[in-house]
Amino acid sequence: MSNTEVDKSIELISKTEELADKILANKHELTVMDKRRQETREALRLVEKSEEKKAWITIGSMLVKMPKDKAVELLKKDQQQIEKEINLIYSEQKVLVNKHRDLEFKSPFSGTNIKALDRHEFNALKANLHL
Amino acid sequence: MTEAEKIEVRDITRIERIGAHSHIRGLGLDDVLEARAVSQGMVGQKDARRAAGVVVQMVREGKIAGRCILLAGEPSTGKTAIAVGMAQALGTETPFTSMSGSEIYSLEMSKTEALSQALRKSIGVRIKEETEIIEGEVVEIQIERPATGTGQKVGKVTLKTTEMETNYDLGNKIIECFMKEKIQAGDVITIDKASGKVNKLGRSFTRARDYDATGAQTRFVQCPEGELQKRKEVVHTVTLHEIDVINSRTHGFLALFSGDTGEIKQEVRDQINNKVLEWREEGKAEINPGVLFIDEVHMLDIECFSYLNRALESDMAPVVVMATNRGITRIRGTNYRSPHGIPIDLLDRMIIIRTVPYSEKEVKEILKIRCEEEDCVMHPDALTILTRIATDTSLRYAIQLITTANLVCRRRKATEVNTEDVKKVYSLFLDENRSSKILKEYQDDYMFSEITEKEEDFGIGGGSKRRLDIGAGDAEAMEH
């Protein structure tokens with residue numbers, strides 16, 4: 001193999017590996033985010049169920065006692081933030097996977113650009129077809 | 001490599017027409033669409049295969065709709081085989097409908113209705129379903145029933161994956177789902193967040209040794225990985241015909257299975273078209289025109305051809321592939337003769353792929369592949385004799401001899417078919433030429449035989465001239 005061919009192969013491989021690394025990192029990130037999401041949800045339930053007027057809550061590495069409604073508010077804000085970040089990662093993943101397929105000269109996976117059907121529309125189809 | 005979410009693509013039921021082509025796995029082309037000599041069950045016929053490869057590429061890109069392709073060639077030159085190869089090459093995503101020309105003459109529905117149904121069965125619509133599901137292994141379930149017997153149950157379930165664990169408080173309804181599915185610790189379950197349905201996937205491998213005996217239905221699955229709450233996207237392809245059927249009857253899905261769809265009103269079809277186009281505008285669906293293969297297309301009459309002329313101009317029309325082995329023939333429904341029995345204006349819109357008769361080497365390869373497919377071990381000399389028979393008579397006759405020779409050989413308790421077996425079946429079963437010769441010699445002994453000297457029988461099926469002419473016309477075999 002001549003020098004340029006070797007160089008080209010190395011470039012191609014390094015690009016695909018870079019993308020693949022990013023995709024795997026995102027996958028891990030999703031797991032971490034989901035963990036946080038579940039923990040926030042559990043915390044929210046416990047705080048709402050508790051009878052006391054004030055709740056102990058960790059912010060960063062500090063343990064703080066604050067009125068219940070403020071704690072609930074903080075937790076809810078956290079939840080929204082996490083949801084947004086998860087949605088971001090999902091859309092990024094789709095773009096990255098398609099870029100990766102493109103580098104490997106494969107066509108983008110089918111149904112890339114389709115938006116999902118509404119639930120009631122899809123249930124109507126599902127009820128009658130063998131989906 | 002890796003995928004962000006599980007992207008599934010569902011397949012459509014495909015109608016296979018002939019078992020004689022079950023050995024074909026594809027068109028046998030390489031990456032630059034050049035045909036390999038023997039590949040994926042296809043042998044020779046390189047030009048036609050390359051042309052078919054170009055057509056498959058066109059369909060895959062999906063931007064071309066309403067093209068018409070004609071495969072024309074002598075009998076036994078691989079026309080149907082190429083169509084089967086195209087179907088396999090397109091894969092399960094693209095709708096491929098295969099029909100014979102005479103199938104449209106059904107008593108239940110008119111010819112144009114049968115054609116429009118066939119056309120709409122070949123147009124696929126891609127839609128996506130998105131759900132959030134919680135998938136995990138149950139670590140423990142706690143359900144508290146109120147002591148008074150009435151009142152709501154409350155419960156708590158702890159779910160885990162290989163990387164995380166969390167617990168959920170359960171309400172009354174979902175506790176009932178849990179109890180209905182008889183879920184216990186160690187089961188791997190999915191909960192659909194939107195509908196609240198609980199589904200048991202199986203039991204976790206790590207709990208396989210809990211009990212010495214488990215029920216027959218117990219399936220063991222791996223503990224799920226990654227996050228608990230996943231987003232699942234599934235891409236489905238449905239055909240326009242399926243959607244038509246749902247909307248034309250109240251119990252649409254039964255009609256799909258029994259095939260008794262009857263006539264579907266044009267208003268219903270228009271509504272469906274509008275709805276699908278609306279979805280396409282909103283980005284919720286993609287139209288995926290597939291392939292409609294019409295074999296023996298000379299059996300269609302002038303009404304059908306005129307209908308096709310118009311139908312192919314729609315922007316959702318599928319690619320229509322036709323096959324025929326007729327030469328200059330009368331068009332059914334008229335008294336005019338035209339090439340292949342197809343009107344010239346339709347021929348003008350078509351691209352025609354020619355198939356040529358096989359050479360002796362190619363015939364030998366094909367017979368070898370069929371022997372493998374039909375599970376028959378043949379001695380090379382027997383194969384040579386069979387090849388000679390095929391070139392003298394016809395390829396189909398030789399293929400029929402394969403299984404029969406195999407049976408004869410098994411009867412004498414041998415494993416390999418040799419020349420004696422082939423000679424025996426050759427003498428037992430007549431081919432078309434010998435049969436017609438015998439008929440001419442002993443015509444006086446057959447009932448109702450009225451062959452006179454000047455009336456000669458042409459190509460497709462000799463025999464008694466006194467057969468009912470169902471408008472078949474003067475069918476001449478394709479001549480070079």
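What counts, and where the lines are drawn
- Sequence positions are assigned chain by chain, starting from 1 and proceeding in written order.
- Chains carry letters from A onward and ligands carry numbers from 1 onward, assigned in written order.
- Where local features are concerned, this predicted model is filtered to residues with pLDDT of at least 70; where side-chain atom pairs are given and counted, the filter is 80 or more; whole-chain, interface and lining totals use all residues.
- With hydrogens and water stripped out, all remaining heavy atoms of the structure feed into the side-chain values.
- Counting from the N terminus, the helices are the DSSP runs of H or I reaching at least four residues and the strands are the DSSP runs of E reaching at least two.
- Computation of the radius of gyration draws on C-alpha atoms, with the globule rule given as 2.2 Å multiplied by the number of residues to the power 0.38.
- Contacts: residue pairs with any heavy atoms within 4.5 Å of one another.
- A 1.4 Å probe rolled over the protein chains alone gives each residue an accessible area, and that area as a share of the maximum for its type sets the label: buried under 20%, exposed over 50%, partly exposed in between.
- Residues adjacent in sequence count toward polar contacts only when both atoms are side-chain atoms; beyond that, a polar contact is any pair of N or O atoms within 3.5 Å, and within protein one must be able to donate a hydrogen and the other to accept it.
- Two parts placed together each lose some accessible area; with a 1.4 Å probe, that loss summed over both constitutes the buried area.
- Between Lys or Arg on one side and Asp or Glu on the other, a salt bridge is scored when a side-chain nitrogen of the former is within 4 Å of a carboxyl oxygen of the latter.
- Residue classes follow a fixed rule: Ala, Val, Leu, Ile, Met, Phe, Trp, Tyr, Cys and Pro count as nonpolar, while Asp, Glu, Lys and Arg count as charged, and any other residue, Gly among them, counts as polar.
- Here, strands pair whenever DSSP counts at least two bridges between them.
- Here, axes are lines fitted to C-alpha atoms. For helices the fit covers the stretch in contact, and angles between N-to-C directions go from 0 to 180 degrees.
- Ring geometry is summarised as follows: Phe, Tyr and Trp rings, the Trp one being its six-membered ring, pair when their centres sit within 6.5 Å, and such pairs are stacked at plane angles under 30 degrees, edge-to-face over 60 and tilted between the two.
- Per the annotation, domain bounds derive from an automatic or database assignment of domains.
- UniProt positions are given in the numbering used here, feature names are shortened, and annotations may be inferred rather than shown by experiment.
- By definition, the crossover connecting two strands over a helix is right-handed if that path, from the first strand to the second, turns clockwise as seen with the strands pointing away from the viewer.
- Our angle categories are set so that under 35 degrees counts as roughly parallel, over 145 as roughly antiparallel, 65 to 115 as roughly perpendicular, and the remainder as oblique.
- Only residues whose relative accessible area exceeds 30% and that form no salt bridge enter a patch; like-charged residues are grouped when within 9 Å of one another, and nonpolar side chains (Val, Leu, Ile, Met, Phe, Trp, Tyr) when within 5 Å.
- Shrake-Rupley sampling with a 1.4 Å probe provides the accessible areas, and residues are treated as covered by the protein chains on show and by no other component.

1. A look at the overall build of chain A
Looking only at helices and strands, chain A has three helices and two strands in total. For a compact globule of 131 residues, the expected C-alpha radius of gyration is about 14 Å, and chain A comes in at 23 Å, more than 25% above that figure. In terms of overall dimensions, chain A has a C-alpha envelope of 75 × 50 × 15 Å along the principal axes. Across chain A, every contact between residues at least 6 apart in sequence was considered, and the portion connecting residues at least 24 apart equals 57%.

2. Thoughts on the environment of T355 of chain B
All names here are of chain B. Considering the arrangement of structural elements, one finds T355 in strand β18 (residues 350-355). Note on T355: relative accessible area 0%, which makes it buried. Along the chain, T355 and Q45 lie 310 residues apart, while their C-alpha atoms are 6.7 Å from each other. Other than its neighbours up to four places away in sequence, T355 contacts Q45, A48, A72, G73, E74, T77, K79 and I82. A distance of 2.9 Å separates polar atoms of two side chains, one belonging to T355 and the other to T77.

3. Details of the interface of chain B and chain A
Residue-level contacts link 43 residues of chain B with 39 residues of chain A. For the pairing of chain B and chain A, the buried interface totals around 3,900 Å² over both sides, and the portion due to carbon and sulfur atoms is 57%. Joining chain B to chain A, the criterion identifies six salt bridges. With a closest N to O distance of 3.7 Å, E121 of chain A and K284 of chain B form a salt bridge. Scanning the region where chain B abuts chain A turns up 17 residue pairs in polar contact (both at pLDDT 80 or more). Within the residue set of the side of chain B that touches chain A, elements represented by two or more residues are β1 (7-9), β6 (123-144), β8 (165-170), β12 (229-239), α5 (240-248), α6 (252-258), α7 (266-282) and β13 (285-289) of chain B. Considering each element in turn, the side of chain B that touches chain A owes the most residues, seven residues, to β12 of chain B. Taken together, the residues that form the side of chain B that touches chain A break down as 16 nonpolar, eight polar and 19 charged.

4. Focus on the sheet that holds strand β4 (residues 68-73) of chain B
Residue and element names in this part refer to chain B. In spatial order, the strands read β5-β14-β15-β4-β18; together these five strands make up an open sheet with parallel pairing. On the outer flanks of this sheet lie β5 (96-100) and β18, each paired with one strand and no other. In this sheet, adjacent strand axes meet at a mean angle of 20 degrees when their direction is disregarded. Both β4 and β18 contribute to a ladder of six bridges, which runs parallel. Residue pairing for β18: G73 is matched across the bridge by T355.

5. Considerations on helix α14 (residues 432-441) of chain B
Residues and elements named next belong to chain B. Along α14, the positions that sit buried rather than exposed are R434, S436 and L439. For α14, the secondary structure elements touched by its buried residues are α12 (395-411) and α13 (419-428). Measuring from the backbone nitrogen of N433 back to the side-chain oxygen at the start of α14 gives 3.2 Å, which picks out D431 as the cap.

6. So, the packing of aromatic side chains
For any pair of aromatic rings, geometry is given as the distance between the ring centres together with the angle between the planes. Residues and elements named next belong to chain B. On inspection of all chains with the given rule, the structure shows two aromatic pairs over all chains. Here the aromatic rings of F205 and F220 are separated by 6.3 Å at their centres, their planes lie at 20 degrees, and the arrangement is stacked. With F205 in the loop between β10 (198-204) and β11 (220-221) and F220 in strand β11, this residue pair connects regions lying 15 residues apart in the sequence. The exposure class of F220 is partly exposed, given its relative accessible area of 28%.

7. A word on the domain arrangement of chain B
Domain boundaries in chain B define domain 1 (38-125 + 254-354), domain 2 (128-234) and domain 3 (360-434). Here the C-alpha centre of domain 3 of chain B lies 60 Å away from the C-alpha centre of domain 2 of chain B.

8. Focus on the UniProt feature "binding site: ATP" in chain B
Residue and element names in this part refer to chain B. Summarizing the sequence annotation, UniProt attributes the feature "binding site: ATP" to G73, E74, P75, S76, T77, G78, K79 and T80 in the numbering used throughout. Looking at the element boundaries, S76 is found in the loop between β4 and α2 (79-90). Once you skip the residues sitting within four places of it in the chain, S76 turns out to touch Y358, L395 and R396. Tracing the sequence through the fold places T80 in helix α2. Classification of T80 by relative accessible area gives buried; the value is 13%.

9. Some words on unusual backbone geometry
Residue and element names in this part refer to chain A. Positive phi is not limited to glycine here, since F105 has a value of about 60 degrees. With respect to the helices and strands, the residue F105 is situated in the loop between α2 (68-103) and α3 (119-128). Take F105: its relative accessible area is 72%, and that puts it in the exposed class.

10. Considering the pairing of strand β14 (residues 291-295) of chain B
Looking along a regular strand, one sees the side chains alternate between the two faces of the sheet. Residues and elements named next belong to chain B. Burial runs high along β14: five of the five residues are buried. The side-chain alternation of β14 yields two buried faces, one formed by V291, F293 and D295 and the other by L292 and I294. Bridge count for β5 against β14 is five bridges, and the pairing is parallel. Residue pairing in the sheet places S98 in a bridge with F293 of β14. Sheet topology places β14 next to strand β15 (residues 319-324); five bridges connect them, and they run parallel. Counted as the bridge partner of V291 is V319 from β15. A crossover links β14 with its parallel partner β15, the connecting element being helix α8 (residues 302-311), and its sense is right-handed.

11. Here's the deal with the packing of helix α11 (residues 380-392) of chain B against α13 of chain B
All names here are of chain B. Two numbers describe how α11 lies on α13: the axes approach to 8 Å, and their chain directions differ by 30 degrees. On the basis of the axis angle, α11 is roughly parallel to α13. Across the interface between the two elements, D381, A382, I385, L386 and I389 of α11 pack against T419, V422, K423 and Y426 of α13. For the contact of α11 with α13, the class distribution of residues is six nonpolar, one polar and two charged.

12. A closer look at a nonpolar patch on the surface
Together, L430, I438, Y442 and Y446 of chain B make up an exposed nonpolar region whose accessible area comes to about 390 Å². As for its position among the elements, Y446 of chain B is in the segment after α14.

13. Observations concerning the side chain of T190 of chain B
Within the secondary structure layout, T190 of chain B lies in strand β9 (residues 187-192). For T190 of chain B, the contacting residues outside a window of four places in its chain are I133, I134, E135, K197, V198, N199 and L201 of chain B.

14. Considerations on the pattern of salt bridges
When charged atoms on two side chains of opposite charge get close, those side chains can pair. All told, the structure shown has 36 salt bridges over all chains when counted by the stated rule. The salt bridge partner of K284 of chain B is D118 of chain A, with a shortest N-O separation of 3.6 Å. With K284 of chain B in the loop between α7 and β13 and D118 of chain A in the loop between α2 and α3, this residue pair bridges two chains. The shortest N-O distance in the salt bridge between E303 of chain B and K111 of chain B comes to 3.2 Å. With a gap of 192 residues between them, E303 of chain B in helix α8 and K111 of chain B in helix α3 (residues 111-121) connect regions that are remote in the sequence. Residue E303 of chain B is classed as partly exposed on the basis of its relative accessible area, which comes to 48%.

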